[in-house]
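Spelled out, the chains give:
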Amino acid sequence: MSDSSWVYVVTDVELDGPWPGANSMRSFASVAVSLDGTEHGRFEAVLEPLPGTAPNEHTLAFFETVPQAWAAATENPEPVTAVLNRWTTWLQALPGRRVFAAAPLSLDGPWIDYYLRRFTRYGLHPGHAETDPLFHGAGVCITSYAAAVTGRPPVDLAILDLPPDWFGQVAHTHHAIDDALGYANLLVTLAGRAAQRTCDSA
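Student: Help me get a handle on the pattern of salt bridges, residues and values and all.
Tutor: Following the criterion strictly, the structure yields 5 salt bridges and no others. Between Arg26 and Asp16 there is a salt bridge; the shortest N-O distance is 3.0 Å. Here Arg26, found in strand β2 (residues 25-33), pairs with Asp16, found in the loop between β1 (6-15) and β2; they are 10 residues apart in sequence, far enough to count as distant. With respect to burial, Arg26 and Asp16 carry one shared label: buried.

Structure, rendered in structure tokens:
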């Protein structure tokens, strides 16, 4: 993961329920970084709820405990198509090859893929017939990478229990841009620790 030509698009989503299509992604944010710590830009947006969807009561109960996060995820929403068109344009202007990254990939990835395939001509991972991919290669699960670097079993790793300085001292607030930035810092930290471990064992 040390190739400097890759740009990692670390993305966090905020949702009003667990099921794409029945619930909605209310906001998301991306931070584009290289593994040497160079940041190439940030993107964040609040989206209008999908027609015919409704928030999940358990998700709303959680957000009642963090009202500032709910406000950040719902105030001044924009039409979904406009947001995704702006995001894809932003992505295509990034230098190098783009790879999607999230913590965990299994949560954020399916939501982003659902929205991309429903509202754009792209997907998170291109099929064989897609010749103009938005992302290159497989997505990176930062949670799994953290388990590999730390040597902890993936099923036992609580990623937010890692040292705060690994996240660049960025608090996890459930505000999408804060969380994306923290995870981007974590990815860079993990890459640095992995590289140092390789050097030490050489």
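Once you've had a look at it, read on.
Student: Please give an account of the nonpolar core that cites residues and values.
Tutor: Residues Tyr8, Val10, Ile142 and Leu186 are the most contacted members of the largest nonpolar core, which totals 32 residues. Secondary structure elements with two or more residues in this core: β1, β2, β4 (97-102), α5 (142-150) and α6 (176-201). For Ile142, the residues in contact, after removing those within four places along its chain, are Val10, Ala101, Ala102, Ala103, Ile159, Tyr183, Leu186, Leu187 and Leu190. Counting 28 residues, the second-largest nonpolar core is a separate cluster that includes Val13, Ala32, Leu84 and Trp90.

Student: Hey, could you go over the sheet that holds β2 for me, with residue numbers and the actual values?
Tutor: Spatial strand order, β3-β2-β1-β4-β5: 5 strands in an open sheet with mixed pairing. The open sheet terminates on both sides in strands that have one partner only, identified here as β3 (39-46) and β5 (140-141). Relative to β5, β4 is paired through 2 bridges, and the arrangement is parallel. What sits directly across from Ala101, in β5, is Val140. Sheet contacts for helix α3 (residues 80-92): β1, β2, β3 and β4; angle to β3, the most-contacted strand, approximately 175°.

Student: I'd like a rundown of α3, residues and numbers included.
Tutor: Over its 13 residues, α3 runs 18 Å from end to end, which matches the ideal 18 Å to within 8%, given 1.5 Å per residue. On its buried side, α3 packs onto β1, β2, β3, β4 and α4 (105-119).

Conventions we followed
- Residues numbered from 1 in each chain as written.
- Predicted model: local features only at pLDDT ≥ 70, side-chain atom pairs only at ≥ 80, totals over all residues.
- Heavy atoms only, no water.
- Salt bridge = Lys/Arg side-chain N within 4 Å of Asp/Glu carboxyl O.
- Helix = DSSP H or I, 4+ residues; strand = E, 2+ residues; numbered from the N terminus.
- Buried < 20%, exposed > 50% of the residue type's maximum accessible area, 1.4 Å probe, protein only.
- Core = buried A, V, L, I, M, F, W, Y, C linked by side-chain atoms within 4.5 Å.
- Contact = heavy atoms within 4.5 Å.
- Pairing = 2+ DSSP bridges.
- Axes fitted to C-alpha atoms, helices over the stretch in contact; angles between N-to-C directions.
- Expected span 1.5 Å × (residues − 1).

The quantities given are spatial measurements derived from coordinates; they are silent on function.
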